[in-house]
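Architecture and fold: a report
So you can see what is in the structure, the chains are spelled out below.
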Amino acid sequence: MSSLTNKNVLLGVTGGIAAYKSAELIRRLSELGADVRVVMTRAAQEFITPLTMQALSGNPVHTDLLDVAAEAAMGHIQLARWADIIIIAPCTADFIAKLATGEGSDLLSTVCLAAKSDLAIAPAMNQAMWGHQATQANLAQLIDRGVKVWGPASGEQACGDVGLGRMLEPSEIASCAEACFDSGVLAGKKVVLTAGPTREAIDPVRYISNHSSGKMGYALARAAAEAGAQTILISGPTNLPPPADVEFIAVESAEQMNAAVMARIENAQVFIGAAAVADYRPVQCAAAKLKKTASETMSIELTKNPDIIAGVAETNQVACVIGFAAETDNLLEYARAKRVNKKLDMVIANDVSQPGIGFNSDNNNVTVIDANGETEIAGLSKYQLAKQLIQLIAQKI
Ligand code: PMT
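Everything quoted here is computed from the prediction, not taken from an experiment.

For the coordinates displayed, the defined rule picks out 1 aromatic pair. Considering the side-chain rings of Tyr218 and Phe248, the 6.1 Å spacing of their centres and the 65 degrees angle between planes classify their relative orientation as edge-to-face. Taken as a pair, Tyr218 in helix 11 (residues 215-226) and Phe248 in strand 12 (residues 247-250) lie far apart in primary sequence, 30 residues in all. Positioned over the ring face of Trp82 is Arg37, at 5.4 Å from the centre of the ring. Seen from the ring of Tyr383, Arg222 lies directly overhead, with NZ or CZ sitting 3.5 Å from the centre.

Near the ligand you find 27 residues, and of these Ser213, Gly273, Lys338, Asn350 and Asn360 are the closest. At 2.8 Å, a backbone N or O of Met216 approaches an oxygen atom of the ligand. Elements that contribute at least two residues to the shell around the ligand include exactly helix 11, helix 13 (308-315) and strand 16 (320-327). Here the element with the most residues in the shell around the ligand is strand 16; it accounts for 4 residues. A class-by-class count of the residues in the shell around the ligand yields 13 nonpolar, 8 polar and 6 charged.

This next bit is on the nonpolar core. Ile88, Ile121, Leu220 and Ile272 are the most contacted members of the largest nonpolar core, which has 64 residues in total. The residues that make up this core include at least three from each of domain 1 (8-180) and domain 2 (190-396). If we ignore the near neighbours within four places in the chain, the residues touching Ile272 are Val191, Val192, Leu193, Thr194, Leu220, Ile322, Phe324, Ile390 and Ile393. Counting residues in each nonpolar core, the second largest holds 32 residues, with Val9, Ile87, Ala120 and Ala177 among its members.

Split into domains, the chain comes out as domain 1 (8-180) and domain 2 (190-396). Relative placement of domain 1 and domain 2: their C-alpha centres are 36 Å apart. Residue-level contacts link 13 residues of domain 1 with 11 residues of domain 2. When domain 1 packs against domain 2, the two sides together hide about 860 Å² of surface, and 49% of this comes from carbon and sulfur. Summed over the shared surface of domain 1 and domain 2, the result is 0 salt bridges. For the pair domain 1 and domain 2, the number of links is 1 residue pair in polar contact (both at pLDDT 80 or more). Every element with two or more residues in the side of domain 1 that touches domain 2 is listed here: strand 5 (148-149) and helix 10 (170-181). In the side of domain 1 that touches domain 2, the residues fall into 8 nonpolar, 3 polar and 2 charged.

How each quantity is defined
- Residues numbered from 1 in each chain as written.
- Predicted model: local features only at pLDDT ≥ 70, side-chain atom pairs only at ≥ 80, totals over all residues.
- Heavy atoms only, no water.
- Phe/Tyr/Trp six-rings, centres within 6.5 Å; stacked < 30°, edge-to-face > 60°.
- Helix = DSSP H or I, 4+ residues; strand = E, 2+ residues; numbered from the N terminus.
- Lys NZ or Arg CZ within 6 Å of the ring centre and 35° of its normal.
- Near = heavy atom within 4 Å.
- Polar contact = N/O pair within 3.5 Å; in protein donor to acceptor, adjacent residues only side chain to side chain.
- Nonpolar A, V, L, I, M, F, W, Y, C, P; charged D, E, K, R; others polar.
- Core = buried A, V, L, I, M, F, W, Y, C linked by side-chain atoms within 4.5 Å.
- Buried < 20%, exposed > 50% of the residue type's maximum accessible area, 1.4 Å probe, protein only.
- Domains from an automatic or database assignment.
- Contact = heavy atoms within 4.5 Å.
- Buried area = accessible area lost by both parts, 1.4 Å probe.
- Salt bridge = Lys/Arg side-chain N within 4 Å of Asp/Glu carboxyl O.

Here's what the structure looks like:
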């Protein structure tokens, strides 16, 4: 049985070309057992008729804030109270701005202001509008307030542009909605994760490391624990507090991380390698601090570290082994090769050359690569991304 069975879903439709996909979304949500009511903005009605939405949802469609008859039947406050979740799909740049400023100028924005339920938006707009600072600032505000942002996807747009801004497919939006009501999708499962950087000692005061903050791995650990999993987080040095309900093991080097993972991987169903593990370490760690010499150059001989995730995959005992690929160039090509070479079930490709995502940022854009294909997930905080990834992983196992 779907977690959407008997849930009241209020679908808000705003004025974008993707509004035609909302009709399909009603079908998907209804098939999953949801009772769907539709609120349309004036602009939405230019793209698709209320009659279509009414026929598909089996409920009257709501369009006007100041309609005496409608308010008597089910006004904006009742609609807000009725909804277990509000999904706005498509959600235009204009409506995102309205939500950010708290405007209550039409029925849908008023319902959103009055509602206590979860609010999710599936943005759809031209790629330049999506990338505009104003849109991104408005989105950041919404994310801060706990609004769920599903998508957008990347691809060819109705206007001929190519880029981020396509609304997610109705089936993807329906899966995200299901996930909102899933409690404990990983209940009874054991998840082991690595996070943060490793430090490879050169001498007692110096080391080789990288820019990983641990934010992505910690967000995944939090999301896994919230999904009911027995969660073990093995982390290199970071400034983050361990998430609640997580067994936390602090390590420094790749060898220590490897030992900690191998000691705890038994009976795990999921392993997630979010750590940025140093591929090499100095052959020797000097016993005392190295001194400057007369020479203008200095070499440090390096030797390979164990490949932790490949070792986990080789055990063939973990149902789902998920790696990250942090790349500065040829992202997808390298990520695809890592999935194959390390025998991973899924790789999350992370472009660490871009400002504002990847290392040490609060947000991330990734491409999820598995045997079924590739999906881009962008414009989310690391925690929201982690929640979506945990849902995908739960489906896999
Ligand atoms: O920590 P943040 O600041 O939040 O940044 C997040 C992140 C960019 C660190 C993270 O999202 C990420 O991409 N982590 C993987 C970084 C990395 O080391 O990628 P890689 O392409 O070098 O490694 C591929 C995979 O093999 C990774 O899952 C890695 O954990 C694993 N690996 C690599 C080397 C090694 N010796 N052992 C491993 O297990």
